[in-house]
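Residues per chain are reported as follows:
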Amino acid sequence: MPKEKMLLVADADRIQDYLFESVNLKEIMGASLLINRFNKIAEKTLKAANYQVIYSAGGVVRLMVEGKEEARQAAGVIENIYQSLTKTGTISFSRAIPLGADFSKANLEVERSLRENKDRGGSPVLGKNEGRSPAMLLSWPYLAHCTACGLRPANTTEWVRYSLTEIKSESLCTTCQAKREAYRQAKRRKEKKKEGQQKNLTLFYPELNHYLNEIHHREDIDLENPEDFGDVGSRSHPSGYVGFIVADGNRMGQKLGKCRSPEEYHDLSQKIIDTTNQALSKAITLTFDLNHPQTLQKYEKEGEYLPLQVLVMGGDDLVIVTTADTALPLASLFCRLYSEISPDLSISAGVVLAKENLPFLISHELAHALLKSAKKSNYTPGKIESGGLDFQVITASNALQLENTRQEMTYFNPSHVNSDTAERLVFTARPYVATAGPKRVTLQDLLQTVAQLKKAEMPRSQLANLYELLNPTYAAGSSTEFEKACQHLDREYYRLVNRLSVKNTWHKLEELGECLGQRSDGHLYIELPNLTPLERRVLVADAIEVYEFVPVEWAEDNRWK
Ligand SMILES: [Zn+2]
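In this convention, every chain numbers its residues from 1, walking through the sequence in written order. In view of the model being predicted, local features appear only for residues whose pLDDT reaches at least 70, and side-chain atom pairs are presented and counted only at 80 or more, with totals across whole chains, interfaces and linings using the full set of residues. As a convention, hydrogens and water are excluded, and side-chain values are obtained from all of the structure's heavy atoms.

(A) Summary view of the pairing of strand β3 (residues 60-66). Judged by how many residues are buried, β3 sits mostly within the fold: 6 of 7 residues are covered. With 7 bridges joining them, strand β1 (residues 5-12) and β3 adopt antiparallel strand pairing. Note that in β3 the partner of A10 across the bridge is V61. Paired strands, in this sense, are two strands between which DSSP finds at least two bridges. Numbering of helices and strands runs from the N terminus, with a helix taken as a DSSP run of H or I at least four residues long and a strand as a DSSP run of E at least two residues long. Of the pairings in the sheet, the one linking strand β2 (residues 52-57) to β3 comprises 5 bridges and is antiparallel in character. Bridging across to β3, Q52 finds its partner in M64. The loop that links β2 with its antiparallel partner β3 comprises 2 residues; one of these, G58, has a positive phi angle of about 55 degrees. Each residue's exposure class comes from its accessible area (1.4 Å probe, protein chains only) as a fraction of the maximum for that residue type: buried when under 20%, exposed when over 50%, partly exposed otherwise.

(B) Highlighting helix α3 (residues 67-86). Between its first and last C-alpha atoms α3 spans 29 Å; for 20 residues at 1.5 Å apiece the expected length is 28 Å, and the two agree. Listing the buried residues of α3 in full gives G67, A71, A74, A75, I78, E79, I81, Y82, L85 and T86. In a view along the axis of α3, the buried residues occupy a sector of 160 degrees, so they form one face of it. Note on α3: the residue one or two positions beyond its end, K87, has a positive phi of about 70 degrees. Each residue after the first adds 1.5 Å to the expected span of a helix. For this quantity, the arc is that covered by the directions from the helix axis to the C-beta atoms.

(C) Spatial organisation of the pattern of salt bridges. One side-chain nitrogen of Lys or Arg within 4 Å of one carboxyl oxygen of Asp or Glu is enough to make a salt bridge. Enumeration according to the criterion identifies 25 salt bridges in this entry. Put simply, R188 and E181 hold a salt bridge, and the shortest N to O gap is 2.9 Å. Classification of R188 as partly exposed rests on a relative accessible area of 45%. As a salt-bridge pair, E340 and R336 come within 2.9 Å of each other at their nearest N and O atoms. Of this pair, E340 and R336 both sit in helix α11 (residues 324-341), separated by 4 residues, roughly a single helical turn. A cluster of three or more residues bridged by salt bridges with shared partners is formed by D11, D13 and K118.

(D) View of the coordination of the zinc ion. We call an atom a donor if it is N, O or S and sits within 2.8 Å of the metal, or 3.2 Å for Na, K and Ca. Water is not counted, so some sites may look partial. For the zinc ion, the full set of protein donor atoms is C146 (SG), C149 (SG), C173 (SG) and C176 (SG), at a range of 2.3 Å. Four donors are marked tetrahedral only if all angles between them lie between 85 and 135 degrees, whereas four are marked square planar and six octahedral if opposite donors are more than 155 degrees apart and the other angles lie between 65 and 115; the remainder are marked irregular. Between the 4 donor atoms coordinating the zinc ion, the angles at the centre fall across 103 to 116 degrees, so the site counts as tetrahedral.

(E) Just the packing of aromatic side chains, in detail. Centres within 6.5 Å are what make two rings of Phe, Tyr or Trp a pair, Trp counting through its six-membered ring; a difference in plane orientation under 30 degrees is then read as stacked, over 60 as edge-to-face, and the rest as tilted. Tallied over the entire structure, the rule returns 11 aromatic pairs. Judged by centre distance (6.1 Å) and plane angle (75 degrees), the rings of F103 and Y265 are edge-to-face. Taken together, the residues span a long stretch of sequence, with F103 in helix α4 (residues 103-120) and Y265 in helix α9 (residues 262-287) at a distance of 162 residues. Note on accessibility: F103 and Y265 belong to one class, buried. Note on F288 and Y299: the rings are 6.0 Å apart at their centroids and 85 degrees apart in plane angle, and the pair reads as edge-to-face. With F288 in the loop between α9 and α10 (293-300) and Y299 in helix α10, the pair connects residues that are 11 residues apart, well separated along the chain.

(F) Molecular detail of the packing of helix α6 (residues 206-215) against α9. Between α6 and α9, the least distance of the axes is 9 Å, while the angle of their chain directions is 65 degrees. For the element pair α6 / α9, the angle class is roughly perpendicular. As for how α6 packs across α9, the hand of that crossing is right-handed. Contacts between α6 and α9 involve E207, L208, Y211, L212 and I215 on the former and, on the latter, N277, S281, K282, I284 and T285. Interaxial angle, 0 to 180 degrees, is taken between N-to-C directions of lines fitted to C-alpha atoms, where a helix line uses only the stretch in contact. For classification purposes, an angle smaller than 35 degrees is called roughly parallel, one larger than 145 roughly antiparallel, one from 65 to 115 roughly perpendicular, and anything else oblique. Crossings are classed by handedness, with left-handed meaning an anticlockwise turn of the near helix from the far one by less than a right angle and right-handed meaning a clockwise turn. Should any heavy atoms of two residues lie within 4.5 Å, those residues are counted as being in contact.

(G) The arrangement of the sheet that holds strand β15 (residues 432-433) in detail. Read from one edge of the open sheet, 6 strands run β9-β10-β8-β11-β12-β15, paired in mixed fashion. Every other strand in the sheet has two partners, leaving β9 (308-314) and β15 as the edge strands with one partner each. Alignment of strand β11 (residues 347-355) against strand β12 (residues 388-393), held across 5 bridges, turns out to be parallel. Across the sheet, residue V351 finds its bridge partner in β12, namely F391. Contacting β9 and β10 (317-323), helix α2 (residues 25-48) runs over the sheet at an angle of about 30 degrees to β9. Packing of α9 onto the sheet brings it into contact with β9 and β10, and relative to β9 it is tilted by some 170 degrees.

(H) A look at the nonpolar core. By nonpolar core is meant a set of buried Ala, Val, Leu, Ile, Met, Phe, Trp, Tyr and Cys residues that side-chain atoms within 4.5 Å join together. Counting 87 residues, the largest nonpolar core has I284, L290, L306 and F334 as the members making the most contacts within it. The residues contacting L290, other than those within four sequence positions of it, are L212, H216, L223, I284, T285, L296, Y299 and L306. Core analysis: the second largest hydrophobic core is formed by 56 residues, Y51, V61, L311 and V319 among them.

(I) Region of interest: the confidence of the model for the protein chain. Confidence of the predictor at the level of single residues is captured by pLDDT, which takes values from 0 to 100. Of all residues in the protein chain, 77% have pLDDT values of 70 or greater, and the mean over the chain is 82. The secondary-structure element of the protein chain with the lowest mean pLDDT is helix α16 (residues 472-475), recorded at 47, while α11 shows the highest, at 97. Between residues 501-509, whose pLDDT stays under 50, and residues either more than four places distant or in other chains, the model counts 19 contacts. Complex prediction metrics read pTM 0.87 and ipTM 0.98.

(J) Inspection of unusual backbone geometry at higher detail. At the junction of H237 and P238, the peptide bond is cis and its omega measures out at -5 degrees in the coordinates. The topology assignment puts P238 in the loop between α7 (229-233) and β8 (241-249). Cis peptide bonds are those with omega within 30 degrees of zero, and the linkage from R430 to P431 qualifies with -5 degrees. Tracing the backbone shows P431 in the loop between β14 (424-426) and β15. Residues other than glycine seldom take positive phi values, yet K87 does so here, at roughly 70 degrees. Checked against the element boundaries, K87 lands in the loop between α3 and β4 (91-93).

Here it is in structure tokens:
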């Protein structure tokens, strides 16, 4: 009797913590390389043993097994590979679910089972039910803690040369040591490749080099990457800031869940990966102007590097660190290109601009909150889906709690008693959309307008003055009617425009109004369609926030093509 076909999923536990717990870029890259290696080795090993692997990326493996015994064996192999690479990492499994006639139903069931097992912290496939939480927090005062993650006891100390005069000791735990070693190995391989000893070895984001080789008709393009956050910050304008982008496909789980066969599932996940790679390579190329041979040469010079690092690339799941002045255009281009390449797919992004020394986990958490907010503006104008984009600049004063920050920017119509149903005036237009549509403002609109203002040498202080004039409490004061307050906002704005235009013989501020007003019938605010209660969004605050980070080059249309 032929054995029953079953679906099995393995998923690395707390993978975000594993990837981002270190304060150093080296270990973050090393962790990401180890996860990639895990997926490659697992896929190869399982395929060699005649398993059908449907998906293997980002710490997740989906495969077909025949019978429970085979499931147990496959799980044992996967767990072994994962633990030997990550040392303290753990991985959870679903139950093996009989495929039956309905693949999408089995798919749903397998997800549910995985979640249950994760919540329970056990792995019934392996017959173990003990807690599988990662290494315990040790709090012995005389045990040195790992300087990279601060979570586990250190077990080696090494001396690292930071500069000609500065040598520091670093104590690392077993996990961080394995990550750093993985990073060094990759670096060594790359060096060897350069010396012509080996070819076609894993680089940090090889897809970009492939893409560049193709468009420049070359074979030898191999850009270097930054080694730490400081390398990125030093190339930023303003210097010392970095940008983090976290992106994730919209409703991908839902779309994959509708697949009716393992083959269909495999094809769609491959399409998602290909779209991500194409859109990202093109977006990076446009952002850093790498399609021009002269600019490319600049980054290829000895000792030079492209100040960007793709930290995670797992299907539609993406984490990138780049310079502060490229993060917003890059995210905007990436999300727009994504749906241009595959109109039935879309991706959203959260972007954080912060000082280079802010612990990565903090920026990452905020970027995730922004991503969640961005996803709310995912929509489908016409035949093409559009992702959403949200951002925040972290300064010393603003809160890290996204909800509070946004709450502070919202003013309710005081004539309504209940604030849940009251009309509101919001002093931000975030989240933005990636693809233009009626009554929607794209992040590109904002960035291009700000760049135009900068090109016309409009100082940030004048924008700030404008914001003061439009002081929210003034505009939505308790005594005025809300409607009047909104009209007042427009009136004050144009009065200021006229005054400034006369004074400075410069009309760019008017253009700001026109550009931002393009999709809002000439008002300074936009009314979002089909939203109850009515919401009006004002864009000036956003222009002020990003002003320092938008280079004038982005004023030109061709930078966006
Ligand atoms: Zn550590």
